[in-house]
Structure formats: C-alpha cells, structure tokens
Amino acid sequence: MSRLNGRQPHELRPIQISFDGLARVDGSARFSFGPIAALSSVSGPIEVRLASENASQATLEVLVRPLSNVPATESKALAATVRGLLTPSLILVNNPRTLVQIVAQALVPSGSGTGLDPKISNASAVTAAVVNASTLALLNSGSVPMRGVVCAVAVGRRKDGPLVVDPDAGDGALDAEGCFAFMFTRDGDDVQARCVWTNWKQGSGDEGVLSAARELASQAAGDVYAAIHANVEGMVNVKPAIVVLPTPKEATVMEVKKEKEEEMEIKMEF
C-alpha cells in the first residue's frame, strides 16, 4: 500500500546527516528526516559544578532548546527523556567528577505539523531527530566511550488501519503513535538491537498493535543505524586515541635516561 507521499509503510523520509563542526564544543551533528531536523553538540568530559559532582562516574546533562523562546515544560521533558535513554549506551565510570553536556535544538517547531495539515503533531518525529542528532554528536566527539549506538524512529497507525513509519501530514490523522529508541551493538559483523524506550500511545486496541509497531520500528531504526554507520567515515573531528607501547629495548633506554635525570637533579640540590 502506497502512502499519499509515495512512500511505502516501512519507508522513512530521506535521511540527511552532517557534522557541522560547531565552535567551542567537542562534537556536533545535524540529523533530519526530510524537513524534521535537529542539531546537537557535546562538550566533555569538562569541569562539573560541585553540586552536580558524582564521585563514581561522569555526570550526564542534557539540555534541549526549542526553535524559539526559552525552554518550557515540553523541552525539559524531552531533555529528561534523551538523558534517560542515552545513559545505558555510555560508559561514564571512566571519568568520575566530570561533566558530559549534550545541548540539542529542534530546527522545526515541535508539536505542530508541516505540510497538508498543521494540526497534526510532529512531536514523535522531532524526538527521534533529537535522539539521533545527539547520538551522532557523541560519535563525532569521540571523547565518551560508548557501549552502543542509540537510534530512534517515529511510528503511527492511520485511522484506516495500517501502521506507518515516520508519519507526516500526508498520512492524515493517527489513532496511535509514538517514538521508539533502540540501542545497536556490534560484534564483528553481528549487529544486535534492543528497544530501550518508547512512548507509544493508543486510545484502544489489543497489545498486538504495540508489538507490531515495535517490530516495524526496529526495521526502520536499522535503516537509521545503517545511515549513521555509513556517515561515520565522513567525520572530521574524531581523533582516535592510539597508544603505542615501547619495545623492551626502548623501555630500557627510557629507564636509564630517567635515572640520569634524577641523578642530575640530586647533584643540583647539593
């Protein structure tokens, strides 16, 4: 069944990924499903305020800024959601007493649709774009070890019955919809995905609808993961840390040099 926009039910809008190289941050990225776009940056590990300091791991702070005005309840709720679903993918224990800060901004007004019907909400698509942009910014920074890659997509059920991925105004009103986030882990060529969060909402119906929506979202999130994986090679800010261990001979030379320097320091003291 083809949709009004020509997409199949399982098809996403065109994905666009770019690494903008924002100043004074460790990593940044832009992600979009068609016109639904978000920009995110990562700073850290950096110095943390004493009130937020955690002795056992880094503190993760997420700020979501709307396209206009100051952050309100909706932005703060989205920030809490993004923090909760990204935390399992990060290894924060390596940098205790520091701060990792993610700042995201939706580049479209959240809560209002685009295209045919401005009354249709795009909140789930905006949430997915913010999550994916934040994941990309973390990958771009290369400063926070990660257990996996979190990808998110929106799914809705049209009033005439079928489930659709990444719904837009052309799909008309929905009687059920939500965002699904999956964490992807890779072991060689084996890629595993598990659902880490959803805010699926439906007025009525059996639980089988949720299972079907999750399965459809998993396939679409796999497409997002593939797009992210393909674009990682285009990043320019990532500087992989390569540790070169000295050979036994080099280690001996270094030790002798260190001993001579210590002897000179002792002589200078006298």
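Report on the accompanying structure.

Here is what the cut-offs are and how they apply
- Residues numbered from 1 in each chain as written.
- Predicted model: local features only at pLDDT ≥ 70, side-chain atom pairs only at ≥ 80, totals over all residues.
- Heavy atoms only, no water.
- Buried < 20%, exposed > 50% of the residue type's maximum accessible area, 1.4 Å probe, protein only.
- Helix = DSSP H or I, 4+ residues; strand = E, 2+ residues; numbered from the N terminus.
- Pairing = 2+ DSSP bridges.
- Right-handed = clockwise from strand over helix to strand, strands pointing away.
- Axes fitted to C-alpha atoms, helices over the stretch in contact; angles between N-to-C directions.
- Contact = heavy atoms within 4.5 Å.
- Phe/Tyr/Trp six-rings, centres within 6.5 Å; stacked < 30°, edge-to-face > 60°.
- Core = buried A, V, L, I, M, F, W, Y, C linked by side-chain atoms within 4.5 Å.
- Expected span 1.5 Å × (residues − 1).

A few points about the pairing of strand β4 (residues 59-65)
Within β4, five of the seven residues are buried, leaving the element largely enclosed by the surrounding structure. Sheet topology places β4 next to strand β5 (residues 99-106); seven bridges connect them, and they run parallel. When the sheet's bridge partners are listed, Val-64 is paired in β5 with Ala-104. As for the winding sense of the linkage, the β-α-β connection from β4 through helix α1 (residues 73-86) to β5 is left-handed.

As for the sheet that holds strand β3 (residues 36-46)
Pairing within the open sheet is mixed, and its five strands lie in the order β1-β2-β3-β5-β4. Looking at which strands have only one partner, the edges of the open sheet turn out to be β1 (15-18) and β4. Going across the sheet, the axis of each strand differs from the next one's by a mean of 15°, ignoring polarity. Contacting β1, β2 (27-33), β3 and β5, helix α2 (residues 123-141) runs over the sheet at an angle of about 150° to β2.

A few points about the packing of aromatic side chains
Scanning all chains against the criterion turns up three aromatic pairs. Centroid distance Phe-180 to Trp-200: 5.8 Å. Interplanar angle 40°. Geometry classified as tilted. Here the residue Phe-180 occupies a position in strand β8 (residues 174-187), and Trp-200 occupies one in the loop between β9 (190-198) and β10 (201-202), the gap between them amounting to 20 residues. Overall, the relative accessible area of 0% leaves Phe-180 in the buried class.

Remarks on the nonpolar core
Membership of the largest hydrophobic core comes to 63 residues, with the highest contact counts inside it found for Phe-31, Val-153, Val-155, Trp-200 and Val-224. If near-sequence neighbours (up to four positions away) are discounted, Val-153 is found in contact with Leu-12, Phe-33, Ala-128, Gly-178, Cys-179, Phe-180, Ala-217, Ala-220, Ala-221 and Val-224.

Focus on helix α3 (residues 208-231)
Over its 24 residues, α3 extends 35 Å from the first C-alpha to the last, a length consistent with the 34 Å expected when each residue adds 1.5 Å. Those residues of α3 that fall on the buried side of the exposure criterion are Val-209, Ala-213, Leu-216, Ala-217, Ala-220, Ala-221, Val-224, Tyr-225, Ala-227 and Ile-228.

Details of unusual backbone geometry
Note that the residue after Gly-44, namely Pro-45, is joined by a cis bond; omega there is 0°. Structurally, the position occupied by Pro-45 is in strand β3. The backbone phi angle of Asn-69 is positive, close to 70°, even though this residue is not glycine. Note on placement: Asn-69 falls in the loop between β4 and α1. Judged by its relative accessible area of 73%, Asn-69 falls in the exposed class. With phi around 50°, Asp-166 is a residue other than glycine that occupies positive phi space. With respect to the helices and strands, Asp-166 occurs in the loop between β7 (163-165) and β8.

Purely geometric numbers; function is a separate question.
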